[in-house]
Amino acid sequence: VKWTGSAWEVLSSGGSAPTEVVVINKTASHTLELSEAGGYVRMNVASTNNLTVPPNGTAAFTVGAVIQVRQVGAGQTTVVAGAGVTINTSETLKARKQGSTLTLVKVGTNEWDLTGDLEVAP
């Protein structure tokens, strides 16, 4: 089961946890889509690029949604908060370098936690 913020939702009636994730390859800046929840977004971009987290009114991810992000290309990936979105992080919103992996977890209606190999804040 999973807590949706207002009620418990049954995800399955048994079985085991999934052993695969959907790999999503991007070659330009991108705004997250609902279908990418639980996915692994690979930003394979040669120049600086943005991965935008849209507001709940645009894409209503469930609280608890997790999205993995990897900077595959040489262009630094920055996670950008859409209108009204808060992204909590201990450092910057930028992947530290090529090969860095980040994790986004939705923790509230328009609030996400960002962890991983982030560029250190100045």
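Criteria and cut-off values
Residues numbered from 1 in each chain as written. Predicted model: local features only at pLDDT ≥ 70, side-chain atom pairs only at ≥ 80, totals over all residues. Heavy atoms only, no water. Helix = DSSP H or I, 4+ residues; strand = E, 2+ residues; numbered from the N terminus. Buried < 20%, exposed > 50% of the residue type's maximum accessible area, 1.4 Å probe, protein only. Areas by Shrake-Rupley, 256 points an atom, 1.4 Å probe, with all protein chains shown as cover. Phe/Tyr/Trp six-rings, centres within 6.5 Å; stacked < 30°, edge-to-face > 60°. Contact = heavy atoms within 4.5 Å. Pairing = 2+ DSSP bridges. Axes fitted to C-alpha atoms, helices over the stretch in contact; angles between N-to-C directions. Core = buried A, V, L, I, M, F, W, Y, C linked by side-chain atoms within 4.5 Å. Lys, Arg positive; Asp, Glu negative; His and termini not counted. Salt bridge = Lys/Arg side-chain N within 4 Å of Asp/Glu carboxyl O. Polar contact = N/O pair within 3.5 Å; in protein donor to acceptor, adjacent residues only side chain to side chain.

1. What about the overall build of the protein chain?
For the protein chain, the helix and strand inventory stands at zero helices and 11 strands. Going from N to C terminus, the protein chain has its helices and strands arranged as β-β-β-β-β-β-β-β-β-β-β. Across the 122 residues of the protein chain, 32% fall into the buried class. Entry remark: accessible area of the protein chain is about 6700 Å², with carbon and sulfur atoms responsible for 52%.

2. Considering the packing of aromatic side chains
The geometry of an aromatic ring pair is captured by two quantities: the separation of the ring centres and the angle between the planes. Enumeration over the complete set of coordinates arrives at one aromatic pair. Both rings, one in F61 and one in W112, keep their centres 5.4 Å apart while their planes meet at 80 degrees; by these two values the pair is edge-to-face. In this pair, F61 sits in the loop between β6 (49-53) and β7 (66-71) while W112 sits in strand β11 (residues 111-116), placing the two residues 51 residues apart along the sequence. Considered together, F61 and W112 belong to a single accessibility category, that of buried residues.

3. A closer look at the environment of V79
Counting through the fold element by element, V79 comes out in strand β8 (residues 77-81). Along the backbone, V79 and N50 are 29 residues apart, and their C-alpha atoms lie at a distance of 5.8 Å. When sequence neighbours within four positions are dropped, the list of residues in contact with V79 reads L51, V53, I87, L93, L102, L104 and L114.

4. Some thoughts on the sheet that holds strand β4 (residues 30-31)
Strands sit in the order β4-β6-β8 across an open sheet of three strands; the sheet is parallel. Because the sheet does not close on itself, it has two edges, and the strands there are β4 and β8. Bridging between β4 and β6 involves two bridges; their strand directions are parallel. Looking at β6, one finds that T31 is bridged to T52.

5. A closer look at the sheet that holds β7
Strands sit in the order β3-β5-β7-β10-β11-β9 across an open sheet of six strands; the sheet is mixed. In this open sheet, the two strands that pair with only one neighbour each are β3 (23-26) and β9 (86-88). Going across the sheet, the axis of each strand differs from the next one's by a mean of 25 degrees, ignoring polarity. Where β3 lies against strand β5 (residues 40-43), four bridges are found, and the strand directions are parallel. Bridging from a neighbouring strand, K26 pairs with M43 of β5.

6. What to know about the nonpolar core
Counting 21 residues, the largest nonpolar core has L32, V53 and L104 as its most contacted members. If you list the elements that add at least two residues to this core, you get β5, β6, β7, β10 (101-108) and β11. Once you skip the residues sitting within four places of it in the chain, L32 turns out to touch V41, L51, T52, V53, P54, F61, I67 and L104.

7. Section: the side chain of K106
Along the chain, K106 falls in strand β10. No salt bridge is formed by the buried K106, whose closest oppositely charged neighbour, E111, lies at an N-O distance of 10 Å. Separated by 3.2 Å, the side chain of K106 and the backbone oxygen of T109 make a polar contact. Every residue in contact with K106, bar those within four places of it in the chain, is listed here: N56, A60, F61, T62, V63, G64, A65, E111 and W112.

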